[in-house]
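Reading the structure
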Amino acid sequence: MKEVDILAFIYVAYPIFAITVLFSQALLLLLIFKNQTKLLRTMRIYLLNICAAQVVTIIAGFLTQCRMVPNQTTVAFVCTGVCTRLGRNTCFLIHLLRDASSMVALFAIVHVFYYRYKILSHQKLSSTQILRNFIIVHLPAVFCAICQFINPSHHNAIVLETRALHPTYLFESQSVFGFSALKSPAVKASTIIFTFVLFLNPLAALIYRNKIWVLLNEYEEYNSPRIKHAKSMITGLTIQTLIPSVCFVPLIVQFFLTQYSETGVLILEYFNSFLVILPTLVDPILSIVFVIPFRRMFFKYLLAVRQCRFSFSKLSDDDIMSKGGNGYSSVRAASRKT
């Protein structure tokens, strides 16, 4: 597939994807604020944290439309989004915001596991502990953003190596930024954090998931609706935690393929840019499906919309019949007069 065809596709796909994500996130936010279930009221701040992080991720991803091109000694990020009109430095900052917000969302999901386990264990969290946990959730993302910001980034070296290794790629030098020192301490530190997020984060979620499952099975009212709701929510959160790890597998394959074979896969580079922001669409859908109060409220709204459309359609038909009847009566009256 030619790069021109890929670019033509993403120019259409990115706006559609971004609008779809924003709509699904807005729907989830509506359900969060409208739902008055006691359990979800206490979890509202945790769910809002995930939503806010993912909204930032999709907006930043749309503005940059950035793909990673791993070279031998540098890593280039080629942008095709709106940010290119504001310069590569602006693209770089927005890209940092995208990476940081996506990492916050990952840790925030595990934070929900931790909170649910504490609540089910009858361990009440104080305001100080809640604040401390929120700071811990955001620290890795801030740290990685700082590492990327201070990492050497010699623009000319990045552009020259990218053009040398990928002479057929279509890009302007001002749409490219990246890192020119892959063995620097900042890169090593951010790589360790990235590995932690990718592998240990889902592992921590699965550990807490098993602990929560044991607690739920020990309760006397095993078949009560509250237990079923809790298990359904935990199942959805587990899937949400595993999806980013699956999405990053092609990115790792691409990186090692370039490092050892000195070849790049163009379609894989563009595909990976979508995979990074894919959880922003999948997560709200999973939340609506697996959080039973959200699912019930969603179908309630959907049924109300359908009834409203049916009532409006019926009213329009009656109005047409009424007007048609009046017109027919007028014609008959006029014919009698003549």
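Look a little higher up for the structure.
So, here's what we can say about the structure. (Residues numbered from 1 in each chain as written. Predicted model: local features only at pLDDT ≥ 70, side-chain atom pairs only at ≥ 80, totals over all residues. Heavy atoms only, no water.)

Things to note about the state of the cysteines
What counts, and what does not: The disulfide criterion is simple: two cysteine sulfur atoms within 2.5 Å.
Scanning all chains against the criterion turns up 1 disulfide. Among the cysteines around C66, which has no disulfide bond, C79 carries the closest sulfur, lying 3.3 Å off.

A word on the environment of G178
Operational definition: Numbering of helices and strands runs from the N terminus; a helix is a DSSP stretch of H or I covering at least four residues, while a strand is a stretch of E covering at least two. A contact between two residues is defined here by any heavy atoms of the two lying within 4.5 Å.
Mapping G178 onto the fold places it in strand β3 (residues 176-179). Residues G178 and R88, spaced 90 residues apart in sequence, show a C-alpha to C-alpha distance of 9.8 Å. Among all residues touching G178, those that are not within four sequence positions of it are V75, A76, F77, P152, S153 and I158.

Digging into the packing of aromatic side chains
Here is the rule we go by: Here a pair means two rings of Phe, Tyr or Trp (six-membered ring of Trp) with centres within 6.5 Å. Their orientation is stacked below 30 degrees between planes, edge-to-face above 60, and tilted elsewhere. With a 1.4 Å probe rolled over the protein chains alone, any residue whose accessible area is under 20% of its type maximum counts as buried; one over 50% counts as exposed, and the rest are partly exposed.
One pass over the structure, following the stated rule, counts 12 aromatic pairs. Where Y46 meets F134, the ring centres are 5.5 Å apart and the plane angle is 25°; that geometry is what we call stacked. One end of the pair, Y46, is in helix α2 (residues 38-64); the other, F134, is in helix α4 (residues 127-150), with 88 residues separating them in the sequence. Overall, Y46 belongs to the buried group, its relative accessible area being 3%. Arranged with centres 6.4 Å apart and planes meeting at 20°, the rings of F92 and F149 form a pair that is stacked. Linking F92 in helix α3 (residues 88-120) with F149 in helix α4, this pair joins segments that are 57 residues apart in sequence. On the basis of relative accessible area, F92 is assigned to the buried category, the value being 13%. When its relative accessible area of 51% is taken as the criterion, F149 is described as exposed. One aromatic cluster in this structure is built from F77, F92, F149, F177 and F179.

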